[in-house]
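# Results of the structural survey
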Amino acid sequence: MYILAGGQYYPLWINRQTEEPLLRLKRHKNMIITPPRSDDAPGLCSLMNHPLVYEWIDIPSVPYHLAQAEESLQESKQKSDNVLATLREAQAQAKQATVMVDACPVEWIREVQADGGAVLIGGIFCSRCELGEFLGPQGPKVMEMGHRAELREDNLGLETGDPDIVWTIKVFLAASHHGQGMASDAINTLLHDWLVPRMGVRRVLAFPFVGNHGGVKVFLKNEFRFLFGCENHAMVRGMARSINVVEWRLDSDSDQ
């Protein structure tokens, strides 16, 4: 059903029938990460409106509405289209060097069914960290509240592939799929198959909410270090939430 892409598309896989690009999870072979699909919005609404999901993710409202799902998916599609266009252009120009990109074109986790279909069960997202208070020269342990806007803009302004960019990862799964190692596998797959080789990622901060023990654990399984908890640091749907700060840095020998 899938073939490994070559050239500028590596290490994406391609669905032979639909030509959809994807990543295959390393351990859960029936799990894939794909771009958004045109019929994803109702399923995304259903996932987000489960209390074991929305309690631990910063969606704008509960209930989560269809229009919000459609907007999120459209933003994801634009990101995916832009990355794939860059890869397509580089491939057409027969560039020898691997082109670095600023995003991952696949973000939506699906479970492949016996009939070949794939059901949306979650998402995994990587972007430049915008919490500038954690980005100072002594950060993240020494927070720079007075310079957070400047530090945020500095991080957003670095050139694609710059090893000094600080990134952040968010992941969620359907409640029915919690506790099975899938989120940890998704982070491992995304980090080592795409983020490091294709985006030049060298440092990641993540901020699971305090109380989300499973959310912290999936990062620790991927060699993130727990740094500290930060009380009432995030405003989520009008409520102050405490966050954990975890950090991953590339081991110079691990991805060569």
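What follows covers the pattern of salt bridges. Under the criterion given, the structure shown has 13 salt bridges. Across the pair D193 and K26 runs a salt bridge, and its minimum N-O distance is 2.8 Å. Linking D193 in helix α5 (residues 182-199) with K26 in the loop between β3 (21-24) and β4 (31-34), this pair joins segments that are 167 residues apart in sequence. In this structure D193 comes out as buried when scored by relative accessible area, which is 19%. The shortest N-O distance in the salt bridge between R110 and D40 comes to 2.7 Å. Separated by 70 residues along the polypeptide, R110 in strand β5 (residues 108-112) and D40 in the loop between β4 and α1 (41-48) bring together distant segments of the chain.

Looking now at the packing of aromatic side chains. Two measures describe an aromatic ring pair: the distance that separates the ring centres and the angle between the ring planes. Overall, the coordinates contain five aromatic pairs when judged by the stated rule. Between F134 and F207, the aromatic rings sit 5.3 Å apart at their centres with planes inclined by 35 degrees, giving tilted as the arrangement. Of this pair, F134 sits in the loop between β6 (118-128) and α4 (148-157) while F207 sits in the loop between β8 (203-206) and α6 (213-220), placing them 73 residues apart in sequence. Geometrically, the ring pair formed by F134 and F228 is tilted, given 6.3 Å between the ring centres and 40 degrees between the ring planes.

Rules used throughout
Residues numbered from 1 in each chain as written. Predicted model: local features only at pLDDT ≥ 70, side-chain atom pairs only at ≥ 80, totals over all residues. Heavy atoms only, no water. Salt bridge = Lys/Arg side-chain N within 4 Å of Asp/Glu carboxyl O. Helix = DSSP H or I, 4+ residues; strand = E, 2+ residues; numbered from the N terminus. Buried < 20%, exposed > 50% of the residue type's maximum accessible area, 1.4 Å probe, protein only. Phe/Tyr/Trp six-rings, centres within 6.5 Å; stacked < 30°, edge-to-face > 60°.

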